[in-house]
Amino acid sequence: MPQTPEEESLGSLVAQASSHISALIRSEIELAKAEFRFDAKRVGTAVGMFAAAAFMAHLCLILASFTIAYALAQVLPNWLAFLIVTVFYLLVAGLAVLFGVRRLKGLAGMKRTARSIKGLKEIATPDEQERLPTPVPDREPVTRDGT
């Protein structure tokens, strides 16, 4: 004969709540897995489309380069027209490298994380006096580039 809720013991109620919570957590994990698989397929398809578009844009850039060179060849010798287009692309590539190097020089090198880990190491291995170091508050603002 089933017991009424008033007659059930606290232990059985806790056991039921625990099993319900476990079932709920398992269901949430399965839902998250299903959503992740669905999103991963969509992201993979989108990445493939972007790669195809980038390849086609690259082909268009090559064709546009030949078009510009042939247009210049109407007023200049062929070799000079193609040389002008080539030098233009070399300048653009050089500027891109220059800007990229400047962006890399601005990296902070994870200074705050290193300082935090050093503090944890000091706490984990106290010195002979068995005292904990006083933490230094980190008052440096975090900027967009991580410095």
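These figures come from a predicted structure and were not determined experimentally. (Residues numbered from 1 in each chain as written. Predicted model: local features only at pLDDT ≥ 70, side-chain atom pairs only at ≥ 80, totals over all residues. Heavy atoms only, no water.)

Q: Please set out a nonpolar patch on the surface residue by residue, giving values where relevant.
A: Residues Phe 55, Met 56, Leu 59, Ile 62, Phe 66 and Tyr 70 make up a contiguous nonpolar surface patch of about 620 Å² in total accessible area. Mapped onto the fold, Phe 55 is located in helix α1 (residues 10-72). (Patch = residues over 30% accessible without salt bridge, like charges linked within 9 Å, V, L, I, M, F, W, Y side chains within 5 Å. Areas by Shrake-Rupley, 256 points an atom, 1.4 Å probe, with all protein chains shown as cover. Salt bridge = Lys/Arg side-chain N within 4 Å of Asp/Glu carboxyl O. Helix = DSSP H or I, 4+ residues; strand = E, 2+ residues; numbered from the N terminus.)

Q: Pulling in residues and values, what's your account of the packing of aromatic side chains?
A: Applying the stated criterion to the full structure yields three aromatic pairs. Aromatic pair Phe 66 and Phe 82: ring centres 5.9 Å apart, planes at 65°, arrangement edge-to-face. Of the two residues, Phe 66 sits in helix α1 while Phe 82 sits in helix α2 (residues 78-105), which places them 16 residues apart along the sequence. Owing to a relative accessible area of 42%, Phe 66 belongs among the partly exposed residues under this scheme. The rings of Phe 66, Tyr 70 and Phe 82 are connected pair by pair, giving a single aromatic cluster. (Phe/Tyr/Trp six-rings, centres within 6.5 Å; stacked < 30°, edge-to-face > 60°. Buried < 20%, exposed > 50% of the residue type's maximum accessible area, 1.4 Å probe, protein only.)

Q: Please set out the environment of Leu 72 residue by residue, giving values where relevant.
A: Relative to the helices and strands, Leu 72 resides in helix α1. Residue classification places Leu 72 among the partly exposed residues on the basis of a relative accessible area of 27%. Spatially, the C-alpha atom of Leu 72 lies 8.8 Å from that of Ile 84, the residues being twelve residues apart in sequence. Apart from the residues within four sequence positions on either side, Leu 72 is in contact with Ala 81, Ile 84 and Val 85. (Contact = heavy atoms within 4.5 Å.)

Q: Break down the confidence of the model for the protein chain for me, citing the residues and quoting the values.
A: With 78% of its residues at a pLDDT of 70 or more, the protein chain shows a mean pLDDT of 81. Of all helices and strands in the protein chain, the one with the weakest mean pLDDT is helix α3 (residues 111-124) (74), whereas α2 scores best (92). (pLDDT = per-residue confidence, 0-100.)

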